Every structure is written in C-alpha cells, then in structure tokens.
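Close look at the chain arrangement
Listed below are the residues making up each chain.
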Amino acid sequence: MLTGENIVQSVAGLLNWVYSQLGISALAGFINPIISSVVMFGFISVFVMFLVWMERKVSAHMQSRIGPNRVGPFGLLQTVADAIKLTTKEDVKPVNRDKIPYYIAPIIAFVATFMGMVVIPFDKGMVVQDLNVGILYIIAITGFTVIAILTAGWSSNNKFALLGGFRSAAQIISYEVPLVLSVVPIIMITGTLSLTGIVEYQEKAGYWFIFPQIVAFLIFITSATAEANRAPFDIPEAESELIGGFHTEYSGVKFAMFFLGEYIAVVVSSAVAVTLFLGGWLPVAFLGFLHLPGFIWFMIKLVSVIYVVMAFRWTFPRLRVDQLMDFGWKVLIPFSILNILVTAAVWLFLYGKGAQ
Amino acid sequence: MTDLLLSQVKVGGESQFGTDEYVVNLGPQHPATHGVLRLIVKLDGETVKETMPVLGYLHRSIEKICENRTYPQCITYTDRIDYVSAMSVNLAFALATEKLMNIEAPARAQWLRMIFVELQRLASHLLWMGAFAGDIGALTPFLYGLRERERILDLFEMTCGQRLTYNYIRIGGVMIDILPEFVPKCRAFLDYFEPKVDEYEDLLTYNPIFLERTKGVGIIAPEVGINAGVCGPSLRGSGIACDVRKQQPYLYYDQMKFNECIETAGDCWSRYKVRMNEMRESVSIIRQCLERLEPGSFEAKMPPVLKAPVGSEIYSRIESSRGEMGVYLVGDGTAKPWKSKYRCASFSNLYVLDQLTKGWKVADIMAVLGSLDMIVPEVDR
C-alpha cells in the first residue's frame, strides 16, 4: 500500500543511488535535509496559493457571491495571476523608512512561520526533521513573527503601522501564553515533545486527544487564530481602523511575503492542531475502510480545520484591543491552567503515579 | 547618548521622559470614514484624548448654486446632498417649494412619494447596516445589505431610470407614473425582504462580540443629544421621540399605522436596534401605501414658470433616513430662490463625536462614527 513511509524510503533510495553514481555519498547527510526543505517549500507555496483561492471561494460562498472564476478552471489560477501581479509591480517605499529593518521585516515574517512547517509530520516518517522537542520548537519559532511585525511597524515610519505593530506585540505575547498552556496537558499525558511521538501515542491509545481535551482544543484554536492575526483577532491590521496596520507601507513582493506569512501561520497552527488533537495521519475511525494513505488523511483534516478558521474570519466582528487582552488574560489563561490541573488530577486518579 | 537620556530625567520629578501626544490623521482617505471626512485624533497609546472633525473636503457649495438656479433645477442638486438617500432630499425640497408657492400635489403623487421615500429608507438603512458592521470588523453583512438594496434600486430604475440620483420627486408631484407591474413587484420584494431583517438580526444583534463592541459604547445622554442637535434614529436611540413623521406629519403619515422606534440606552447598540426596527416599520408603511394607492394624476397643474411671492419664506422639515432634513427657502418674486439652506442630520449628529469618543479606544471611533450614520456630502454640502 502507498504510504508516506514507502514514498520517503523510495525517494531516499533513489537519492542514495544518485549520490553513489556521483561519488558524493559522504555528503548525503548534508544534502538530504536541503532537498527535503526545498520540497517542503515548493509544497507549502502551492498549498498556500490553493488556500488563498479557497479563502476567496469560502468568503464568496458565505457572502452569496461567486468568487474568482475567470482565470483557470474554477478560478484556481487567480492566485497565480495575483502573485505575478504582486511580483512585477512597482515596489513603493516610504522615503523616511528605517532602511534595513524595513527590508528584513517581511523576510523574518515569512521565514519564521515557514520554519514551523519543518517538524510537522504529514505521515509516519514523512517529516523534514523529526525533532524530539518539536512542539517547543514550533512555539518558539512562530513567536518570531512578533519581531517581524514590530519591526515592520516601526521601520515604516507611519503612525498607523506603528499602532498596528504595538497592538500586534501586545496580542501575540498575550496569546502565546494560553497557546503553550493548552498544549501542556497533551505533553503531560504522552510524555513526549515530539509531534510524531504524540500521534503514535494517539494511535496506541485508540482515541484522539480532542475527546478528553476538548477544552484545550478550543483554547488552542482560539489562541492560534489570534497568533496568526486572523479575524476576529486581526486588530494589528484592522482594516477599518488602521488601514493596513503594520503592512500599510508595504507593497509588491514585500507585501506578498507578509501575506504568505499570514497564511503559512494558519497552516502551521492548523497542522499542529491536527497533530495534537485530531490524530495526525490516523484515519477517521468510521471511515477506516477507505484505506487512504496517511498523508491524505492528514491533508483532509488540515483543510477542514483551516476551513473552520476561515469561517471564523467571515462571520465575526473584530474585538477591541482591550477586550482582546481581557479575553486572553481573564478567560483563556485561567481556563487553560484549570485544564492542566484537572487533567493532572484525572490522569493521576486513573493511572496512578508514573503512568505511561 | 547616556547624557542625552539623563538630561530628560527630572531629578526626583514625576515626568521622566518627554512625552508627546500621538496625533493621527484619520482621513480624508481612510476606509472607515465613508467618504472624505477627516478626523484629527489625539491619542495616548490606544486611548483617544480628542477627536476633531475637519470638514470641507466635499464642499460643493450646493446651497449657493441653488440660489442661481430655478426651483425645478434645484431638485437635481438636492440629489447630490445625500446620495444614499436621494429621494428623501428630493421630497424635502419639493415639499418646501410647494408650501412656498401654495401648490397641492394630487393624492396619487403623495402616495407614490411615500412609497418611494420609505423604499429609500430601507435602502439607506441596509447600506448603513453593512457599513456599520464593516466598521466593527464583520465584512459579511455588507454584502447581504447590498444584495437586498439591489432589488430596491431595480424598482427605482424601473420607474425613473436612475439607480442613485433619481430626480424623481418633483415640485407638484412626481416625474412619471409607475409602471403597472411595479405594485406586484414591490409587494413581492416586501414579502422577500421582511424575513431577511430577522436574518440580519440573527447574524448580528446578539452576537457576543458585536454586543461587546456596541453595548455601552458611545452613549449619548438625552440632554446632551438635544443640546447638540442630534436627531433622527441617533436621538431615538437615547429614548427621545423625535420622528418628524409622528411629531409633525407630512404627506399622509398621519393616516398610517406605525410605531416610532425608540430605545433607551443611547449607545451604539440602541442606535443599531432603532434602525433595524425602523426597517420593519417602513415595510409596514409601504404595504399600507400600496393598499391605498388610488388612480389619478401624478402631478399637479402648475404655471409654466414657478415663481415664489416676494418676501415669502419657508422652513419645512421631513424625516429623512438619517434624521431631520430641513429646507429653508426665501423667495423674492423671481424663478430662483433668494436664499436656500439645508439643515442636514449628518452635520448636527457629528457634533457629539468628540464627547462620545473621549477616553475610549481608537476602534470605538469607528463604531461611534458608524452608528451615527454620517454621510460626508450631507456634512459639507
């Protein structure tokens, strides 16, 4: 049967053969990660383009419109056309910008979020680098976006951009806390930080963590939406208040990088949600007869979670900045701490000390 | 560098570093100001210290132009005063001129005027609902509002050929009679539209985030509202009965059964609720009008050149979609008004903006501005 592991192994075999033919087998450990990163980069770029199209179609459907339908079948190539437009258009720069940070900010925004994809297991063994501290790595690396946004807001030398940057700093730092706390129960139960390990635990246990950890799942999805600056938490770029927020002064490719970064952040947080709470590459129980490969299951779950996040955006009004802080500190954090305590108590009661 | 920093520290003093107000210029081009209103906002972090509207970016001196045009020509200019609710302004001017010259429009024209003005109120409130929700961050209701507005505009287009600036309500009647299929189409629209209002309410009214953003925000105290000259739905949200249709009925509003929608809290949510309820009342008024529409002439017999008597003077007011719309005219015996002055609801409603936003956050400016239903050409004229 076609599984992610088989594919990875056959590709690795092919590469090893190529290396031996070229006589560079010694460099395999150096070249392989580069190749897998490039493959991941290509995949994520295409996937994000699909997501942008999907978002426009979802919003069009919700708003009783048609959405893009001119370029390519079902308008699928609309995003490609947009990307070409963005890359070829003039790069308008504010005169009084802070030059170096202004250039670096979109790169950080894009790279930091993309790096998160590196540890996501699409299938058993189908992962760029299975770190044993995977979940910590993702939380740390996606936290970099706040630097990018703050830098962008500051260096643009625009009052709206600065307000957006400050808002973003406050928001991302506040929502990082419940995000991490909501993951803690899973780590307590599984005893591993590796994403692959967490999925394997769910396979062995026979249930997904969304069932015992529904509270953690809701907190995670909420804070992840806030982390990705998506509505109803999109106050850093609040269109009706701050025009474009931190990316008001960015155009062309630089804007495209922020835009891609936002979507990749959605992909990363949804992928983590799928891995932690929805059983990663495991098949849906009552559809097990379908015998689909693991990575197809993963993608189905991923797109479903992303659909939910998109539906949020087109349904809810935006919170105000102080209400956003209140919600994070007074609702999400107490609940996630309570969730940790309850989980610990229940697991101690059920399995006794040192249960693994 | 250290010296520079230290020099800003007062020894033992309260202020350590020189702080400055953060002055942000919202507009004239800004997504939330619905046109070219400019707001100079002084901020302390996110908190608003002062909001100062700067007017005049859409000033076209319509009042002066009208003094150099004949009375029928002025109607076209009144369209441009409030392009979202052009029928109401047409009506305001037509009624004022008719009173000035003692012209009585026939009954059919009056009924048609009522139907069209109430349809216009629906269209205007729909656009307002979408824009208000958009200001708060919900983009979807805007499309729903426009979807229904489109069908109203189709009805207008069917009758007078225009979709935005109609020039339909004329002195002494209306421009042209409705087509025979107008009445069934209008009824069909009303049947389609009535449940839609409940749908919008399902989407917004008790949405927790919407409540957070609008409940208790931008409260107009009744006495503040009256002193500042706030009118229309914005004042009715503060619990004051001020609907000109009830207080000083014009056309045949005294024969209509409808409620004056009043909420008491005076916040953004109340103003929203007043307008939503008003849509339902408008539907009921249109139904009654369609019921009583009688055949007859659609325009009065009038002299070829309309002249107001020397020294005649009139202030006539109606309830437009945004509030009280007053027209003041002075005649001097010629075919042109000696003086024309429009009293527009948006302009007087804007007075309270600074009071309502002081001490609130930046995002509340948009919520309050949206809830006042301001439109820039009415402010500047």
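Residues numbered from 1 in each chain as written. Chains lettered and ligands numbered in written order. Predicted model: local features only at pLDDT ≥ 70, side-chain atom pairs only at ≥ 80, totals over all residues.

Topic: the overall build of chain A
A count of helices and strands for chain A gives 13 helices and zero strands. In chain A, the order of α-helices and β-strands from amino to carboxyl end is α-α-α-α-α-α-α-α-α-α-α-α-α. Over its C-alpha trace chain A gives a radius of gyration of 21 Å, about what one expects of a compact globule, namely 21 Å for 356 residues. The C-alpha extent of chain A, read off along each of the three principal axes, is 60 × 60 × 45 Å. By residue count, 44% of the 356 residues in chain A fall in the buried class. Of the contacts made within chain A by residues no fewer than 6 positions apart, 79% connect residues no fewer than 24 positions apart. (Helix = DSSP H or I, 4+ residues; strand = E, 2+ residues; numbered from the N terminus. Rg over C-alpha atoms; globule rule 2.2 N^0.38 Å. Buried ≥ 20, exposed ≤ 12 C-beta atoms within 10 Å, placed from the backbone. Contact = placed C-beta atoms within 7 Å.)

Structural notes on the domain arrangement of chain A
Residues and elements named next belong to chain A. Each domain of chain A was delimited in the assignment, giving domain 1 (11–88) and domain 2 (93–351). Computed from C-alpha coordinates alone, the two centres of domain 1 and domain 2 are separated by 20 Å. Taken together, the 16 residues of domain 1 in the interface contact 18 residues of domain 2. Breaking the side of domain 1 that touches domain 2 down by element, the ones donating at least two residues are α2 (28–62) and α3 (78–88). (Domains from an automatic or database assignment.)

Points about the pairing of strand β3 (residues 47–54) of chain B
Residue and element names in this part refer to chain B. Sheet topology note: the strand β2 (residues 38–44)/β3 ladder contains seven bridges and is antiparallel. Considered in β3, the bridge of L39 is made with P53. Between β2 and β3, which follow one another and run antiparallel, lie two residues, and G45 among them has a positive phi close to 70 degrees. (Pairing = 2+ DSSP bridges.)

Examining the nonpolar core
Within the largest apolar cluster, 183 residues are counted, with the highest numbers of intra-cluster contacts made by A109, I264, V267 and A273 of chain A together with A92 and V368 of chain B. Per element, the largest residue contribution to this core is 18 residues, and it comes from helix α5 (residues 107–136) of chain B. Looking at which domains feed residues into this core, each of domain 1 (11–88) and domain 2 (93–351) of chain A gives three or more. With near-sequence residues (within four places) excluded, A92 of chain B lies in contact with I318, S320, M325 and V327 of chain B. (Core = buried A, V, L, I, M, F, W, Y, C linked by C-beta atoms within 7 Å.)

Comments concerning the sheet that holds β2 of chain B
One key point about sheets: their strands pair by backbone hydrogen bonds, in either a parallel or an antiparallel sense. Residues and elements named next belong to chain B. Judged by pairing direction, the sheet is antiparallel, and its three strands sit side by side in the order β1-β2-β3 without closing on themselves. In the strand order of this sheet, the two ends are held by β1 (22–26) and β3, each with one partner. Pairwise comparison of adjacent strand axes, ignoring direction, gives a mean angle of 20 degrees for this sheet. (Axes fitted to C-alpha atoms, helices over the stretch in contact; angles between N-to-C directions.)

What to know about the sheet that holds strand β8 (residues 337–343) of chain B
All names here are of chain B. The antiparallel open sheet is built from three strands, whose spatial order is β6-β7-β8. The open sheet is flanked by β6 (310–320) and β8, the only strands paired with a single partner. For this sheet the average axis-to-axis angle between neighbouring strands, irrespective of direction, equals 10 degrees. Both β6 and strand β7 (residues 323–332) contribute to a ladder of nine bridges, which runs antiparallel. Counterpart to R317 in the pairing with β7 is G326. Of the strands in this sheet, β6 and β7 are in contact with helix α4 (residues 86–101), which crosses β6 at around 150 degrees.

A closer look at the packing of helix α3 (residues 71–81) of chain B against α4 of chain B
Residue and element names in this part refer to chain B. For the pair α3 and α4, the least separation of the axes is 7 Å and the interaxial angle reads 150 degrees. What the angle tells us is that α3 and α4 run roughly antiparallel. Taken as a pair, α3 and α4 cross one another with a handedness that is right-handed. Contact residues: α3 offers Y71, C74, I75, T78, D79 and I81, while α4 offers A86, V89, N90, F93, A94 and T97. (Parallel < 35°, antiparallel > 145°, perpendicular 65-115°, else oblique. Left-handed = near helix turned anticlockwise from the far one by under 90°.)

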